[in-house]
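Examination of the molecular architecture
Now for the letters of each chain:
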Amino acid sequence: MKKLGLAVIGTSWITAAFLSAARECDAYDILAVYSRTLDKGQTFADANNIPNVYTDLEAMLKDEAIDVVYIASPNDMHYPQAKQALLAGKDVIGEKPLVSTLREMEDLVRTSIVTGKFVVEAITLRHVPNLETVRKALPRIGALKIVRADMSQFSSRYPALKEGKVTNVFDPHHSGGALYDIGIYPISLVVSLLGEPLNFTYTANLHDNGVDLSGIFLLEYPEIKAVCSFTKDSYGPNFTVCEGDQGYLQIDGAPSRIGNVTLVTPQGKEELGVSQVENSMVYEAGVFANLFHTRDQAFYDALTKHSLILARIMEDGRKHAGVRFDADTR
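Everything numeric in this text was worked out from a predicted model, so none of it was measured. (Residues numbered from 1 in each chain as written. Predicted model: local features only at pLDDT ≥ 70, side-chain atom pairs only at ≥ 80, totals over all residues. Heavy atoms only, no water.)

What follows covers the pairing of strand S10 (residues 224-231). Most of S10 is tucked away: 6 of the 8 residues are buried. Looking at chain direction, strand S7 (residues 144-152) and S10 are connected through 7 bridges and run parallel. Bridge pairing in S10 places arginine 148 opposite valine 227. Summarising the sheet, strand S9 (residues 212-221) and S10 pair through 8 bridges and their orientation is antiparallel. (Buried < 20%, exposed > 50% of the residue type's maximum accessible area, 1.4 Å probe, protein only. Helix = DSSP H or I, 4+ residues; strand = E, 2+ residues; numbered from the N terminus. Pairing = 2+ DSSP bridges.)

So, on to the packing of helix H4 (residues 75-87) against helix H5 (residues 102-115). Contact geometry of H4 with H5 gives a least axis separation of 9 Å together with a crossing angle of 10°. Considered as vectors, H4 and H5 are oriented roughly parallel to each other. Seen from H4, the contacting residues are Tyr79, Ala82, Lys83, Leu86 and Leu87; seen from H5, they are Glu104, Asp107, Leu108, Thr111, Ser112 and Thr115. Its residues assigned to classes, the contact of H4 with H5 comprises 5 nonpolar, 3 polar and 3 charged. (Axes fitted to C-alpha atoms, helices over the stretch in contact; angles between N-to-C directions. Parallel < 35°, antiparallel > 145°, perpendicular 65-115°, else oblique. Contact = heavy atoms within 4.5 Å. Nonpolar A, V, L, I, M, F, W, Y, C, P; charged D, E, K, R; others polar.)

So, about the packing of aromatic side chains. Tallied over the full model, the rule gives 10 aromatic pairs. Following the ring pairs from residue to residue traces out a cluster consisting of Phe154, Tyr158, Phe170 and Tyr235. One Lys or Arg, arginine 295, reaches over the ring of phenylalanine 118 and ends 4.0 Å from the middle of that ring. (Phe/Tyr/Trp six-rings, centres within 6.5 Å; stacked < 30°, edge-to-face > 60°. Lys NZ or Arg CZ within 6 Å of the ring centre and 35° of its normal.)

Further remarks concern helix H1 (residues 13-25). Every α-helix carries 3.6 residues per turn, so stepping three or four residues along brings you back to the same face. When the terminal C-alpha atoms of H1 are compared, their 19 Å separation across 13 residues agrees well with the 18 Å that a helix rising 1.5 Å per residue should span. Along H1, the residues that are buried comprise Ile14, Thr15, Ala17, Phe18, Leu19, Ala21 and Ala22. In the core, the buried residues of H1 are packed alongside strand S1 (4-9), strand S2 (28-34), helix H2 (38-48), strand S4 (68-71), strand S5 (91-95) and helix H9 (281-294). At the C-terminal side of H1, aspartate 26 shows a positive phi close to 60°. (Expected span 1.5 Å × (residues − 1).)

Quick look at the structure:
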């Protein structure tokens, strides 16, 4: 298949990681980067072998060689930039969280329909091989009762926050906080396995500026309870456990990548996980490239439904916990 012309928005480490994944899956022709400042954009372009640097987003989106735009700007900018790219006739990969509110996600869906272009949310775990390993193994533990998914990622910016310096990841004006930064991963894992919950609640530790630093998200299903805990302000283990009446599944590592999978029953242990590449973004980059080529509407609709569920429960959950974003009023 012809390589897709790719432009990126943002110059952080995650953009560099996606570019590495795009090169590894060999499905994209990397053409441009957009940055608000030329110096930062040029430095990033030089480090990542990108031929064109733009400081005018509209000008970049007029480039007909660009088929796909990957967005990794501050969280609050994902929605307006994604909509702008769709209207310019580009397919869009939006880094998680794709939106700050359900209203924004619904608007992107409408815009996608009008333009005939796709917009997808980059949640790595949804496309790694071991997600299917877990799905296939769940019946072997009998009736599922409890899911625990824990993700701790102490932020290097947290000490600065304690001293009064607020960066984007801890800024409610930019839709920051633990839930939208890392909580989305364990929640997405649960939704991937169990679907939309009947009920959910979010309890968070809040900073003085109203942003959530860590918290516990409870999702309730018929006869199943799922507890997602995540932290940006403390250290802890990363793991997932699915507990049933005939055994349990132990998933090592952060829910964002789904590492080794072990089945434990009264009869013993069995290693089930398959080997995965180090940069798990390779899988989503390849899946999205194939989607943009094939225009598989059914698969796209499934991805969209997942993002709509996440947008709703995360917005309602954070508001229940007292977290408000500027995006709530736009």
